Amino acid sequence: MIDDLRQVASATLPAADLEYGVLGGDPARLADAVVTIVYEKATRRPIAFNVLTLMEAELRGQPLEVLHLGLVMVDPAVRSQGLSATLYGLTCALLFLERQARPMWLSSVTQVPAVVGMVAETFSDVYPGAAKRPSFEHRLLARQIMARHRAVFGVGEEAGFDEQRFVITNAYTGGSDALKKTFEQAPKHRRERFNELCRRELDYDRGDDVLQIGRIDMQAAARYAARVAPPSTGLGLASVGALTAVRTLVLPVVHWLSDDQPWGELRPWRR
């Protein structure tokens, strides 16, 4: 698997000896990783991958997992073919369903406007990018991520963090050096406001990143389903009906009967 990941990485960054994250083959990095690899059907050649990482955190005195949207690479020969829907949307949707469709916090660290916009449009309550201001939960999770999990996204201890803007300053010093880009090199989003956000807030010469925090919930699942199967189609209309039934009838019963998991503010009876 590591060889397949490195094959995609070499096509994406041919001049860089990238040992960032799971590409270095460290078993400890793989222990908490969720890896998605896309293969070309005819040749079985790996053409894209995404590595998500589950990070431990805490809210309201209860432990939880934050899903970090980690390293994504796509072979330049197959870009602009909608692979992000599989690399991000499908994997996150499966993790969301595997956890009984309970809301799940996520994070993303990037300087690429296209990724900033994709995260803001795909998930719920994303700051920065969608929410006008960070909530208490946004700030608390950001502090924990920066204090405990910098190695997950290759940010060194000397990097700063602007809590007002959720900007990591001098971010490319902890193993992710080969990923640093200029604003001109970074892929742009179709909506100019995300490009302008990155241009305004990030110092690309220094090497800044934006830390985005949001949630996967039923609204995000509905947006993903609408993107895959538009509501104007028969399949899309059926998926809207199915999601509504699951959200209003099935999930409340499942969550109430699962006494080993939190239900709102109610603590689990046992772990």
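Above this text sits the structure in question.
Note that this is a predicted model, so its numbers are computed, not measured.

Caption draft 1: Structural context of the overall build of the protein chain. When its secondary structure is counted, the protein chain shows 8 helices and 8 strands. Residue burial in the protein chain is summarised as follows: out of 271 residues, 46% are buried. Across the protein chain, every contact between residues at least 6 apart in sequence was considered, and the portion connecting residues at least 24 apart equals 65%. Split by element, the accessible area of the protein chain, about 14,100 Å² in all, is 55% carbon and sulfur.

Caption draft 2: View of the side chain of Q144. Tracing the sequence through the fold places Q144 in helix α5 (residues 136-148). For Q144, a relative accessible area of 13% translates into the label buried. With near-sequence residues (within four places) excluded, Q144 lies in contact with A57, E58 and H149.

Caption draft 3: Highlighting the pattern of salt bridges. Counted under the stated rule, the structure contains 17 salt bridges. R60 is the salt-bridge partner of E137, the closest N and O atoms lying 2.6 Å from each other. Of this pair, E137 sits in helix α5 while R60 sits in the loop between β2 (46-59) and β3 (62-74); the two residues are 77 residues apart in sequence, bridging distant segments of the chain. E137 sits in the buried class, given a relative accessible area of 18%. Residue classification places R60 among the exposed positions, given a relative accessible area of 53%. E163 is the partner of R139 in a salt bridge, and the nearest nitrogen-oxygen pair spans 3.8 Å. Of this pair, R139 sits in helix α5 while E163 sits in the loop between β6 (160-162) and β7 (167-169), placing them 24 residues apart in sequence. According to the relative accessible area criterion, R139 is partly exposed, its value standing at 21%. Three or more residues joined by partner-sharing salt bridges are found here, namely D162, R165, R200 and E201.

Caption draft 4: Just the packing of aromatic side chains, in detail. A complete count under the given rule lists 3 aromatic pairs for this structure. Their ring planes at 90° and their centres at 5.1 Å tell us that Y127 and F166 sit as a pair that is edge-to-face. Placement of Y127 in strand β5 (residues 124-127) and of F166 in the loop between β6 and β7 is noted, with a sequence separation of 39 residues between them. An aromatic cluster is defined as three or more aromatic residues linked by ring pairs; in this entry it consists of Y127, F161 and F166. The lysine or arginine in question, R44, covers the ring of Y39, its NZ or CZ lying 4.6 Å from the ring centre. Cation over ring: K188 sits above F183, and NZ or CZ is 4.5 Å from the ring centre.

What counts as what
Residues numbered from 1 in each chain as written. Predicted model: local features only at pLDDT ≥ 70, side-chain atom pairs only at ≥ 80, totals over all residues. Heavy atoms only, no water. Helix = DSSP H or I, 4+ residues; strand = E, 2+ residues; numbered from the N terminus. Buried < 20%, exposed > 50% of the residue type's maximum accessible area, 1.4 Å probe, protein only. Contact = heavy atoms within 4.5 Å. Areas by Shrake-Rupley, 256 points an atom, 1.4 Å probe, with all protein chains shown as cover. Salt bridge = Lys/Arg side-chain N within 4 Å of Asp/Glu carboxyl O. Phe/Tyr/Trp six-rings, centres within 6.5 Å; stacked < 30°, edge-to-face > 60°. Lys NZ or Arg CZ within 6 Å of the ring centre and 35° of its normal.

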